[in-house]
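One-letter residues, chain by chain:
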Amino acid sequence: MKAKTKRIARKTITLIFAIAVALFILLPFYWLVTLSFKRDAQIYTATPQPFSYASPFYANYYMLLTGNLPPGWSPEDMAGSRLARVPMYSQWFIRAFVNTVYTSALTTLICIVAGALSAYAFVTSRFPLKNKLYIGYFATRTIPATILLIPTFMVFLTLRWTDKNEAIILVLSGILLPYAIWILKEYFATIPRDLYDAARVDGCSRFGILWKIFFPVAMPGIIAAAIFVFMAVWQSFLVALILSRSVNSMQMSVYVSNFITDVDIDEGFMATAGVFAAIPPIIIAFLFQKYIVRGLMQGAIKG
Amino acid sequence: MVGKKPRELSDKWFGLLAQIPVFILLGLVVIFPLIYALNLSLFENNLRFPLEHDFIGFGNYYTVVTAPLFRLVVQNTVFFTILAVTAITLFSLGVALVFNEQFKGRGLARTLLLVPWAIPAIVNGLMWKELYSTNFGVINWLLQLGGLSPVGWLTDKNVAMYSVVIAQVWKEFPWATLLLLAGVAAVPEDLFDASKVDGANFIQRFRHVTLPLIRPMIILVLIFETMWSLWAFDVIYAITRGGPSASTTTLGYWLYEVAFRQMEFGEGAALSYIMGVVILVIAYVYIRALYRETG
């Protein structure tokens with residue numbers, strides 16, 4: 001009887017703690033989402049009404065996506081300075097979103113192709129300085145990106161290379177490639193050596209083996225590495241902040257931060273843009289949960 | 001050429017050739033900037049006066065170390081790092097222990113951990129900035145509903161650092177939790193049962209069974225969270241921009257201010273080299289500890 005009460009008590013405490021953690025995770029984000037559904041008068045008030053929203057509730061989203069006032073609104077419904085900026089905010093939004101998708105996708109491609117080739121050689125070939133090189137790649141993880149950004153920025157300025165998506169892609173590829181190699185090597189190392197040797201005896205070329213055996217067998221590792229790089233690029237802020245000068249290479253992270261200026265904050269649009277920037281990585285995280293958790297648990301992944 | 005079988009490369013050459021894309025990328029993005037930054041730190045460099053480019057030895061290092069803000073910034077950085085790393089480690093350890101228990105909705109709870117992990121750090125910072133807002137923020141509103149007086153979360157220089165740490169914990173604890181969860185889940189059941197038979201209580205079991213087995217994971221969490229806290233930039237930029245009155249200016253943020261707001265590239269490079277050395281020392285201490293653990 002006593003053991004049973006003890007078990008129930010333990011279950012209850014566990015459940016209460018778990019609910020508290022879930023609320024700690026969800027409530028801040030929930031509040032951000034509700035702010036994105038509000039109009040100014042509903043945000044700038046000392047007594048927020050948690051359940052009163054703009055009508056239509058998607059007004060902020062409508063404005064950022066189309067650059068027009070939502071149906072049923074007249075220009076008097078918004079402060080003049082804010083109204084005037086809506087078309088610009090909308091233009092920036094589209095550009096920033098496209099830029100970020102482009103930057104993230106291309107960086108991922110570069111890191112996976114170069115990373116898989118390097119990791120494959122580490123696992124299958126013997127070559128001079130092999131271990132030293134691997135430790136060297138690994139050591140770059142401890143270098144703060146800011147050190148690299150000062151000289152990089154100066155060089156790009158001279159070459160007139162600032163404000164290009166490709167400049168951001170180049171820098172982030174260099175920073176993230178060692179991480180990709182690390183993850184891929186972990187997964188490649190699990191493929192039995194016999195498989196490689198047998199394929200070599202059958203006359204399969206090295207690239208053939210990488211493509212036909214390592215890629216399919218280590219697919220979970222490829223996916224984990226790709227998601228990790230993609231998420232890291234999507235989240236990266238400092239590199240984008242320093243290397244982009246205008247809308248030409250504006251990334252979502254920088255776009256979101258633009259709603260704070262030295263004089264004021266546009267909380268409604270900032271919340272809306274924040275939700276837009278957060279939704280793609282959250283969807284990816286949920287879709288590929290299995291691969292991410294496995295990769296995270298190897299201690300390899302970090303966004 | 002057609003029909004002629006290409007000669008296969010030797011192992012040695014294939015291995016080295018396969019590294020060429022990596023050499024090029026790391027050379028351009030990491031090695032060259034590192035050397036150039038060292039060079040910059042030894043010269044007088046300012047974008048506003050591009051013609052001044054005099055060798056001044058350790059002058060930039062001296063300027064940085066004797067700057068009026070330097071002491072405060074170092075204090076802030078140490079305080080922020082110790083507080084954030086301790087909070088993240090203890091909290092994630094607690095969550096990992098609970099999430100390892102059997103309960104309804106455990107799968108969902110673990111999935112939720114991915115939300116803060118996936119949200120960009122800058123969005124996390126801006127989200128907390130809105131929650132903390134003195135006049136319109138939801139936290140102060142709730143405090144007032146409960147009959148308490150509002151707090152200047154971001155305007156009071158004695159409070160602002162704690163506010164930033166909470167935001168940092170929210171973003172960082174899921175990664176640490178998932179890592180520790182892997183360690184906790186790997187503790188064999190029969191070890192637990194054996195200690196139960198021996199009459200060990202919950203705390204004794206944790207100290208003598210779980211803790212020794214997950215110690216390498218804890219050290220890994222400490223290593224990475226320390227590095228990320230020392231460099232922390234996004235969260236401070238988003239929430240406070242180092243204010244009020246520099247009370248949340250840490251090294252990671254100050255470096256940005258010096259190099260990219262004041263355009264003092266030489267001093268920025270010197271500061272980043274100082275930071276790099278500090279991080280190397282800390283990483284070395286931790287990694288020594290990790291090797292002692294695992295043998």
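On a predicted model such as this, the values are computed, not experimentally measured, just so you know. Residue numbers run consecutively from 1 along every chain, following the written order of its sequence. A letter from A marks each chain and a number from 1 marks each ligand, given out in the order of writing. Note on the predicted model: pLDDT of at least 70 is required for a residue's local features to be given, and 80 or more for side-chain atom pairs to be given and counted; whole-chain, interface and lining totals, by contrast, use all residues. To get the side-chain values, take all heavy atoms of the structure and skip hydrogens and water.

(A) Geometry of the overall build of chain A. The helix and strand tally for chain A stands at 14 helices and zero strands. Its helices and strands in sequence order give chain A the pattern α-α-α-α-α-α-α-α-α-α-α-α-α-α, from N to C terminus. With respect to the principal axes defined by its C-alpha atoms, chain A has extents near 80 × 75 × 35 Å. Once the 26 positive and 13 negative side-chain charges of chain A are each reduced to a mean point, those two points are 16 Å apart. Numbering goes from the N terminus for both helices and strands, where a helix is a DSSP run of H or I of at least four residues and a strand is a run of E of at least two. A residue counts as positive if it is Lys or Arg and as negative if it is Asp or Glu; His and the chain ends are not included. The atom standing in for a charge is NZ when the residue is Lys, CZ when it is Arg, CG when it is Asp and CD when it is Glu.

(B) Spatial organisation of empty space enclosed by the protein. Buriedness for pockets is judged along seven lines, at least five of which must meet protein on both sides within 12 Å for an open set on the 1 Å grid over protein atoms alone, while cavities are sets there where a 1.4 Å probe fits but cannot get out, and lining residues have an atom within 4 Å of a point. Grid points are joined across faces, edges and corners, and a volume is the space filled by probe spheres set on the points. If you walk through the whole model with that rule in mind, you get five cavities of 30 Å³ or more. Considered as a void within the structure, the second largest cavity measures approximately 70 Å³ in volume. Forming the walls of the second largest cavity are Trp31(A), Leu35(A), Lys38(A), Gln42(A), Ile43(A), Pro48(A), Glu267(A), Glu130(B), Ser133(B), Phe136(B) and Gly137(B). For the lining of the second largest cavity, the secondary structure elements donating two or more residues are helix H1 (2-36) and helix H2 (40-43) of chain A. Within the lining of the second largest cavity, the residues separate by chemical class into five nonpolar, three polar and three charged. The nonpolar class holds Ala, Val, Leu, Ile, Met, Phe, Trp, Tyr, Cys and Pro. Asp, Glu, Lys and Arg form the charged class, and all remaining residues, Gly among them, are polar.

(C) Summary view of the nonpolar core. Ranked by internal contacts, the top residues of the largest apolar core, which has 193 residues, are Phe188(A), Tyr255(A) and Phe99(B). At 15 residues, helix H7 (residues 165-188) of chain A tops the list of elements feeding residues into this core. In these notes, a set of buried Ala, Val, Leu, Ile, Met, Phe, Trp, Tyr and Cys residues joined through side-chain atoms within 4.5 Å is what counts as a nonpolar core. Only protein chains enter the area calculation, which uses a 1.4 Å probe; residues under 20% of their type maximum are buried, those over 50% are exposed, and those in between are partly exposed.

(D) Seen up close, the confidence of the model for chain B. This prediction gives chain B a mean pLDDT of 87; 93% of its residues lie at or above 70. Of the two predicted TM-score estimates for the complex, the pTM is 0.91 and the ipTM is 0.91. Across the chain, each position has a pLDDT score giving the predictor's confidence in that residue, from 0 to 100.

(E) Molecular detail of the interface of chain A and chain B. By definition in these notes, contact holds between two residues if any of their heavy atoms fall within 4.5 Å. Contacts between the two partners involve 97 residues from chain A and, on the opposite side, 88 residues from chain B. By buried area we mean the combined loss of accessible area, with a 1.4 Å probe, across both parts when two parts are placed together. Interface of chain A and chain B: buried area, both sides summed, is about 8,500 Å²; carbon and sulfur atoms make up 78% of it. Here, a salt bridge means any side-chain nitrogen of Lys or Arg that lies within 4 Å of a carboxyl oxygen of Asp or Glu. Applying the counting criterion to the chain A and chain B interface returns two salt bridges. Where Arg206(A) meets Asp11(B), a salt bridge forms, and the shortest distance between an N and an O atom there is 3.0 Å. Looking at which element gives the most residues to the side of chain A that touches chain B, the answer is H1(A), with 16 residues. A per-class count over the side of chain A that touches chain B returns 68 nonpolar, 20 polar and nine charged.

(F) Region of the structure containing the packing of aromatic side chains. Residues and elements named next belong to chain A. Paired rings are identified among Phe, Tyr and Trp, the last through its six-membered ring, by centres lying within 6.5 Å, and are further divided according to the angle between planes into stacked (under 30 degrees), edge-to-face (over 60) and tilted (the rest). Scanning all chains against the criterion turns up 55 aromatic pairs over all chains. Ring centres 5.2 Å apart and planes at 65° place the aromatic pair Phe122 and Tyr134 in the edge-to-face group. Pair noted here: Phe122 is in helix H4 (residues 80-124) and Tyr134 is in helix H5 (residues 130-139), with a separation of 12 residues, a long-range link. By definition here, charges over rings are those cases where NZ of Lys or CZ of Arg is within 6 Å of the ring centre and within 35 degrees of the ring normal. Between the NZ or CZ atom of Arg39 and the centre of the ring of Trp73, over which it lies, the distance is 4.6 Å.

(G) Region of interest: a nonpolar patch on the surface. Residues and elements named next belong to chain B. On the surface, Leu9, Trp13, Leu17, Ile20, Phe23, Ile24 and Leu28 cluster together to form a nonpolar patch covering roughly 660 Å² of accessible area. Elements that contribute at least two residues to the nonpolar patch include exactly helix H1 (11-17) and helix H2 (20-41). Broken down by element, the nonpolar patch gets its largest block of residues, four residues, from H2. In this structure, Leu28 sits in helix H2. For patches, a residue must show more than 30% relative accessible area and have no salt bridge; joins then use 9 Å for like charges and 5 Å for nonpolar side chains, namely Val, Leu, Ile, Met, Phe, Trp and Tyr. Per-residue and other accessible areas follow the Shrake-Rupley method at a 1.4 Å probe size, with only the shown protein chains counted as cover for residues.

(H) Summary view of the environment of Gly252(B). Residues and elements named next belong to chain B. Position of Gly252 among the secondary structure elements: in helix H13 (residues 251-261). Put simply, Gly252 and Tyr286 are 34 residues apart on the chain and 21 Å apart in space, counted from C-alpha to C-alpha. Those residues within four positions of Gly252 in sequence are excluded, and the remaining contacts are Leu230, Trp231, Ala232, Phe233 and Met275.

(I) Up close: H1(A). Residues and elements named next belong to chain A. A helix is expected to reach a length of 1.5 Å times the quantity of its residues less one. Across its 35 residues, H1 extends 51 Å between first and last C-alpha, which sits within 8% of the 51 Å expected from 1.5 Å per residue. Maximum bend of H1: about 30°, positioned at Leu26, with proline Pro28 one to four residues after it. All of the buried residues in H1 are Thr14, Ala18, Val21, Ala22, Ile25, Pro28, Phe29, Trp31, Leu32, Thr34, Leu35 and Ser36. At any given residue, the bend is defined as the angle formed between two axes, one fitted to the seven residues that end at that position and one fitted to the seven that begin there.

(J) Here's a closer look at the packing of H4(A) against helix H13 (residues 267-287) of chain A. All names here are of chain A. Closest axis-to-axis distance for the H4/H13 pair is 12 Å, and the angle between their directions is 10°. With respect to H13, the axis of H4 lies roughly parallel. Seen from H4, the contacting residues are Arg82, Val86, Tyr89, Phe93 and Phe97; seen from H13, they are Gly268, Phe269, Phe276 and Pro280. Tallied by class, residues from the contact of H4 with H13 come to seven nonpolar, one polar and one charged. With axes taken as lines fitted to C-alpha atoms, and helix axes fitted only over the stretch in contact, angles between N-to-C directions fall between 0 and 180 degrees. Here the angle decides the label: under 35 degrees means roughly parallel, over 145 means roughly antiparallel, 65 to 115 means roughly perpendicular, and every other value means oblique.

(K) Up close: the pattern of salt bridges. Enumeration over the complete set of coordinates arrives at five salt bridges over all chains. Where Glu101(B) meets Arg10(A), a salt bridge forms, and the shortest distance between an N and an O atom there is 2.6 Å. With Glu101(B) in the loop between helix H4 (70-99) and helix H5 (106-112) and Arg10(A) in helix H1, this residue pair bridges two chains. Among the residues examined, Arg10(A) registers a relative accessible area of 37% and is labelled partly exposed.

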